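Notes for the structure review
As a plain string of letters, each chain reads:
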Amino acid sequence: MLDVDPALLGDTDERRQLREVLRDFFTEASASAGIREHVATGHGHDAALWARMAAELGVQGLAIPEDYGGSGFSFAELAVVFEEAGRALLCAPLLSTTVATYTLLLSGDHQACARYLPRIAEGTLTATVAGFDDDRGGDGGLRARQGKDGWVGSGAADFVLDGCGAGLILLAARTADGPGLFACERDAGGLTRTARTVLDGTRPQALVTFANTPLVRIGPQGSAAAITGRVLDIGRAALAAEQVGGSAHALDATVSYVLQRRQFGRQIGSFQAVKHRLADLLVEIEAARSAAVYAVACVTASSEDLPMAASTAKVVCSGAYRRATAEYVQLHGGIGFTWEHPAHLYLRRARAAEILFGTADDHRARLSDLLGFNAA
């Protein structure tokens, strides 16, 4: 039985209209030549495009409450953005900033929300999180302590999304009283960022090091573990929507190609073996879409089923995206293996997304725990 409102599942007229606008915008803004240009710079995104997303579409503030300068829509609308961004392989710190946004909202810290969320909504501030990887809210390599002038942090977090470019880093760090949440701004002393070489250049990552770096405490003591666990599941739901969009693009592009490419006097799309491969892929993508939609609905409804839905979506959508991009390359033949073709950009995104927020095997083990199969 679903414990969410059926109205949260799938598209409404409003979401369909949003999808159409976003598809037109992202198609224009995310041509493959532009993607390669941004990857080559190492910055990973176009700041002018990010500003346009805020000014023309209000993307960054879509799910931010009106009290903090946003539009006050739900995560269901934001998921439409992620699906279309995945379809267009958008180069922008959308995922990292969204995860940071929900961290602020879930913290209940009105002062921090008022300080940062309006700037995120207007597109002048990007954000990311660090030390959330372990799902235990600061039980990793980051430490925070009270200094004479306030909180300071030490330690390092590796492979932080948009770690070099983010203007705000929200970190989970261990304190003498347990895990806590903290904010660190771009110009903080002792903050060092080192870009990492990654498979997917459209999503840059960095090693972020703190050396007695000034921090600002966020939220009440003892809330970090619950917040980071929930935020990671929200990130997984957003990523699942993005993976569905990328998978759909791969299928559409491949179908278009096999209907044009001819061998032995026939369209290769008329060959039974090709038809079967694409039909199987369509079934897999639709299953992934269903898993992603339910995960998104669980976020929107604040459902207790979110952990299970998010892990399920991570497993199913990662597998579908991997297969879709493999077929994208293979069924395009020789051209699909060249650097000039966009297929390899999607393949890299699929492989990198597959391990982001935990691998499929990690989530199968988590699902086993959630279902009680590993109980003593």
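Heads up: these notes are all about the structure in this document. Residue numbers restart at each chain and count upward from 1, following the sequence in its written direction. Reporting of local features is limited, given that this is a predicted model, to residues whose pLDDT is at least 70; pairs of side-chain atoms are given and counted only at 80 or more, and all residues count toward the totals for whole chains, interfaces and linings. Side-chain figures throughout are based on the complete set of non-hydrogen atoms in the structure, without hydrogens or water.

Let's shift gears to the overall build of the chain. When you go through the chain residue by residue, the secondary structure sums to 11 helices and nine strands. Between the two quantities, the radius of gyration covers C-alpha atoms and the globule rule is 2.2 Å times the number of residues to the power 0.38. Since a compact globule built from 376 residues should have a radius of gyration of about 21 Å, the 21 Å found for the chain is in line with a globular shape. Along the first, second and third principal axes, the C-alpha set of the chain runs to 80 × 50 × 40 Å. Burial here depends on accessible area, computed with a 1.4 Å probe over protein chains only, as a share of the maximum for the residue type. Under 20% is buried, over 50% is exposed, and the range in between is partly exposed. Residues classed as buried in the chain amount to 52% of the 376 residues present. Only the protein chains shown count as cover for residues, and all accessible areas are computed by the Shrake-Rupley method using a 1.4 Å probe. When the accessible surface of the chain is totalled, it reaches about 16400 Å², and 54% of it is carbon and sulfur. We score Asp and Glu as negative and Lys and Arg as positive, and we do not count His or the chain ends. All charge positions are set by atom: Lys at NZ, Arg at CZ, Asp at CG, Glu at CD. Each charge class in the chain was averaged separately, 35 positive and 43 negative side chains, and the resulting centres sit 7 Å apart. Put simply, DSSP H or I for four residues or longer makes a helix, DSSP E for two residues or longer makes a strand, and each gets a number counted from the N terminus.

Below, the discussion takes up the environment of Leu22. Along the chain, the position of Leu22 falls in helix α1 (residues 13–29). The sequence separation of Leu22 and Val81 amounts to 59 residues, and the corresponding C-alpha distance is 7.0 Å. What makes two residues a contact is simply this: any of their non-hydrogen atoms within 4.5 Å. Other than its neighbours up to four places away in sequence, Leu22 contacts Leu57, Val59, Val80, Val81 and Glu84.

With that settled, consider the packing of aromatic side chains. Between 30 and 60 degrees the pair is tilted, below 30 it is stacked and above 60 it is edge-to-face, where a pair is any two Phe, Tyr or Trp rings, Trp via its six-membered ring, whose centres lie within 6.5 Å. Applying the stated rule across the entire model yields four aromatic pairs. When the centroid spacing of 5.8 Å and the interplanar angle of 65° are considered together, the rings of Phe25 and Phe26 count as edge-to-face. Both residues of the pair, Phe25 and Phe26, belong to the buried class. Over the face of the ring belonging to Phe159 we find Arg196, whose NZ or CZ atom lies 5.7 Å from the ring centre. Only when the NZ atom of a Lys or the CZ atom of an Arg is both within 6 Å of the ring centre and within 35 degrees of the ring normal do we say a charge sits over the ring.

Take the environment of Ser311 next. Locating Ser311 in the fold gives a position in helix α9 (residues 306–330). A relative accessible area of 0% means that Ser311 is categorised as buried. Distance in space between the C-alpha atoms of Ser311 and Ala176 is 32 Å, their sequence separation being 135 residues. In contact with Ser311, other than residues within four places in its own chain, are His363, Arg366 and Leu367.

A few words now on the nonpolar core. Put simply, buried Ala, Val, Leu, Ile, Met, Phe, Trp, Tyr and Cys residues joined by side-chain atoms within 4.5 Å make one nonpolar core. By size, the foremost hydrophobic cluster in this structure holds 73 residues, and its most contacted members are Phe26, Met53, Phe75, Leu95 and Leu104. The greatest single-element share of this core, amounting to 11 residues, is contributed by helix α7 (residues 224–258). Apart from the residues within four sequence positions on either side, Met53 is in contact with Phe25, Phe26, Gly58, Val59, Gln60, Leu90 and Ala92. Within the second largest apolar cluster, 22 residues are counted, among which are Leu89, Ile285, Val329 and Tyr346.

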